[in-house]
Amino acid sequence: MWKLFRQFKEATKDDNFMHHIESIEVIVSKILSFAMVVVILVAIFDLGVLLIKELFTTEYGEINRTLFKIFGLFLNILIALEILENITAYLRKHVVQVELVIVTSLIAVSRKIIILDLEKTDGVEIIGLAIAIFALSISYWIIRYSNSKSKY
C-alpha cells in the first residue's frame, strides 16, 4: 500500500515539474512574440524612412539601383511575420508546425535570390541556393501531401 502511495506521489511530482516546464515555455514564447512585434515595427519604420528618402532624393530613373534593397526590406518584414506566426501557432497548439517553418525558410531563400548580386556571386553559391530551394520544395510537398492524406 505504501509503495503504491509513494509511486503516486512521485508521479505527481513529475506531473508538477512538467507543468512548470510548460508554463516556462509559454512565458518564453510570449516574450519572443512581443520581441518579434517590436522587430517588425522597427523594420516597418526603417522601410518607411528608406522609401521616403529614396523617393525624394533619388533622381528620376535611378531608383532601380535601390529597388533590390527595398525588396529585401519588404521580404525581411514578411519573414519576421512568418516567424511571429510560427511562435503564435506554437502558443495555440504547443506543437511546432513544420509546414510553417518550411514556408518561412522558402521565403528566406527566395529573399536571398531576389537581392543576389550576380556580379559578385560565384557559381557554388548559386548551386547551393538551388539545392536549398529544391530540398525545401520537396519537403514542403511531402508535408502537404501527408497532411492531405491524414485529413481523409
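Refer to the structure presented above.
A short tour of the structure in this document, coming up. Just so it is clear, the model here is predicted, and its values are computed rather than measured.

**A look at the overall build of the chain**
Okay, so step 1: Looking only at helices and strands, the chain features four helices and zero strands.
Okay, so step 2: Secondary structure elements of the chain, listed N to C terminal, follow the sequence α-α-α-α.
Okay, so step 3: Rg of the C-alpha trace for the chain: 23 Å, well past the compact-globule value of 15 Å for 152 residues, more than 25% over.
Okay, so step 4: Looking at the chain as a whole, 21% of its 152 residues qualify as buried.
Okay, so step 5: Look at the contacts in the chain between residues 6 or more apart in sequence, and 65% of them connect residues 24 or more apart.
Okay, so step 6: When the accessible surface of the chain is summed, it comes to about 11700 Å², and 70% of that surface belongs to carbon and sulfur atoms.
Okay, so step 7: Looking at the chain, you have 16 positive and 16 negative side-chain charges, and the mean spots of the two groups are 9 Å apart.

**Side note on the pattern of salt bridges**
Once the charged atoms of two side chains with opposite charge are near each other, the side chains can pair.
Okay, so step 1: Within this structure, the stated rule accounts for three salt bridges.
Okay, so step 2: For Glu 85, the salt bridge identified is with Arg 92, shortest N-O distance 3.9 Å.
Okay, so step 3: Measuring nitrogen to oxygen at the nearest pair gives 3.0 Å for the salt bridge that ties Arg 144 to Glu 99. Here Glu 99 lies in helix 3 (residues 98-114) and Arg 144 lies in helix 4 (residues 123-151), a separation of 45 residues in the sequence.
Okay, so step 4: By relative accessible area, which is 21% here, Glu 99 ends up partly exposed.

**Remarks on the nonpolar core**
Okay, so step 1: Membership of the largest hydrophobic core is limited to nine residues, which are Met 36, Ile 40, Leu 47, Leu 50, Ile 70, Leu 73, Ile 77, Ala 80 and Leu 84.
Okay, so step 2: Looking at this core element by element, the count peaks at five residues for helix 2 (residues 64-93).
Okay, so step 3: With residues near it in sequence (within four places) discarded, Ala 80 still touches Met 36 and Ile 40.
Okay, so step 4: Formed by six residues, the second largest nonpolar core is a distinct cluster that contains Ile 102, Leu 106, Leu 116 and Leu 129.

Scoring rules and cut-offs
Residue numbering note: each chain is counted from 1, following its sequence as written. A pLDDT threshold of at least 70 governs which residues receive local features in this predicted model, and a stricter bar of 80 or more applies before side-chain atom pairs are shown or counted, although totals over entire chains, interfaces and linings include all residues. Heavy atoms throughout the structure, all of them, feed into the side-chain values; hydrogens and water do not. Helix numbers and strand numbers start at the N terminus; a helix is a DSSP run of H or I with at least 4 residues, a strand a run of E with at least 2. Taken over C-alpha atoms, the radius of gyration is set against a globule rule of 2.2 Å times the number of residues to the power 0.38. Residue exposure (1.4 Å probe, protein chains only): buried if accessible area is under 20% of the type maximum, exposed if over 50%, otherwise partly exposed. The contact criterion used throughout is that any non-hydrogen atoms of two residues lie within 4.5 Å. Each accessible area value is a Shrake-Rupley result obtained with a 1.4 Å probe; residue values ignore everything except the protein chains displayed when judging cover. Charge counting treats Lys and Arg as positive and Asp and Glu as negative, with His and both chain ends excluded. By convention, charge coordinates are those of NZ in Lys, CZ in Arg, CG in Asp, or CD in Glu. When a carboxyl oxygen of Asp or Glu is within 4 Å of a side-chain nitrogen of Lys or Arg, the pair counts as a salt bridge. Residues enter a nonpolar core if they are buried and are Ala, Val, Leu, Ile, Met, Phe, Trp, Tyr or Cys, with the set joined through side-chain atoms within 4.5 Å.

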